[in-house]
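# What the coordinates show
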Amino acid sequence: PSLPRHRLSDVVLASDILYDIDAMPGLAGVILQLLDKKGAGRALIADPLKGRAKGCRAAFKEEITKLGGHTEAVALPNVANREATILLDISFFLK
């Protein structure tokens, strides 16, 4: 089902959500549904560099590509000796 227009966003922010490889198609679809389809939609997802589950990041990126999105992975600075993190910058240029 579609979301009501007032529930759409320009940006979706998330962290530590790539841990169930079977959920990647649905997760990518929900992110696309949440984005405002009038212009450029964007999602920023923080994911531990080591990943929580093997193959999830790659599977997620593949699903985003299937939906017409582009993913850029950016290494975030390691602050205070915390776990190294990748930021997935996902863009959708929708019509």
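Description of the structure in this document. Note that the structure is a prediction, hence the values are computed from the model and not measured.

## Some remarks on the overall build of the protein chain
- On a plain count of helices and strands, the protein chain comes out with two helices and four strands.
- In the protein chain, the succession of α and β elements from N to C terminus is β-α-β-α-β-β.
- Counting all 95 residues of the protein chain, 31% fall into the buried class.
- Of the contacts made within the protein chain by residues no fewer than 6 positions apart, 73% connect residues no fewer than 24 positions apart.
- In the form shown here, the protein chain has an accessible surface area of approximately 6200 Å², with 56% of it arising from carbon and sulfur atoms.

## Some remarks on the nonpolar core
- Membership of the largest hydrophobic core comes to 18 residues, with the highest contact counts inside it found for Leu 18, Met 24, Ile 31, Phe 60, Leu 88, Ile 90 and Phe 92.
- Of all the elements in the fold, those that place two or more residues in this core are α1 (24-34), β2 (40-48), α2 (56-66) and β4 (85-93).
- Broken down by element, this core gets its largest block of residues, five residues, from α1.
- Residues contacting Ile 31, with those up to four places away along its chain left out, are Val 12, Ala 43, Ile 45, Phe 60 and Phe 92.

## Digging into the environment of Ala 58
- Position of Ala 58 relative to the elements: it lies in helix α2.
- Separated by 34 residues in sequence, Ala 58 and Met 24 place their C-alpha atoms 9.5 Å apart.

## Examining α1
- For α1, every residue scored as buried is listed here: Met 24, Leu 27, Ala 28, Ile 31 and Leu 32. Angular distribution of buried residues about the axis of α1 spans 135°; they occupy a single face of the element.

## A look at the packing of α1 against α2
- The interhelical angle for the contact between α1 and α2, taken along N-to-C directions, is 50°, at an axis separation of 9 Å. Classified by the interaxial angle, the pair formed by α1 and α2 is oblique. For α1 against α2, the interelement crossing comes out right-handed. In this structure, α1 contributes Met 24, Pro 25, Leu 27, Ala 28 and Ile 31 to the contact, and α2 contributes Cys 56, Ala 59, Phe 60, Glu 63 and Ile 64.
- In the contact of α1 with α2, the residues fall into nine nonpolar, no polar and one charged.

## Some points on α2
- Along α2, the positions that sit buried rather than exposed are Cys 56, Ala 59, Phe 60, Glu 63 and Ile 64. Down the axis of α2, the sector holding all buried residues measures 140°, keeping them to one side. Of the exposed residues in α2, the ones pointing more than 90 degrees away from its buried face are Ala 58 and Thr 65.
- Looking one or two residues beyond α2, the residue adopting positive phi is Gly 68, at roughly 95°.

Conventions used here
Residue numbers run consecutively from 1 along every chain, following the written order of its sequence. Two thresholds apply to this predicted model, a pLDDT of at least 70 for residue-level local features and 80 or more for giving and counting side-chain atom pairs, whereas whole-chain, interface and lining totals are computed over all residues. The basis for every side-chain value is the complete set of heavy atoms in the structure, and neither hydrogens nor water enter the calculation. Here a strand is any run of E in DSSP of at least two residues, a helix any run of H or I of at least four, and the numbering for each starts at the N terminus. In this scheme, a residue with accessible area under 20% of its type's maximum is buried, one over 50% is exposed, and one in between is partly exposed, where area comes from a 1.4 Å probe on protein chains only. Any pair of residues with heavy atoms lying within 4.5 Å of one another is described as a contacting pair. Working definition of accessibility: Shrake-Rupley area with a 1.4 Å probe, residue cover restricted to the visible protein chains. Here, nonpolar core refers to any group of buried Ala, Val, Leu, Ile, Met, Phe, Trp, Tyr and Cys residues whose side-chain atoms link them within 4.5 Å. Arc definition: directions from the helix axis to the C-beta atoms. Here the axes come from fitting lines to C-alpha atoms, over the contacting stretch only for helices, and the angles between their N-to-C directions go from 0 to 180 degrees. When describing relative orientation, an angle under 35 degrees is termed roughly parallel and one over 145 degrees roughly antiparallel, while 65 to 115 degrees is termed roughly perpendicular and anything else oblique. When the near helix sits turned anticlockwise from the far one by under a right angle, the crossing is termed left-handed; a clockwise turn instead gives a right-handed crossing. The residue classification treats Ala, Val, Leu, Ile, Met, Phe, Trp, Tyr, Cys and Pro as nonpolar and Asp, Glu, Lys and Arg as charged. All others, Gly included, are polar.

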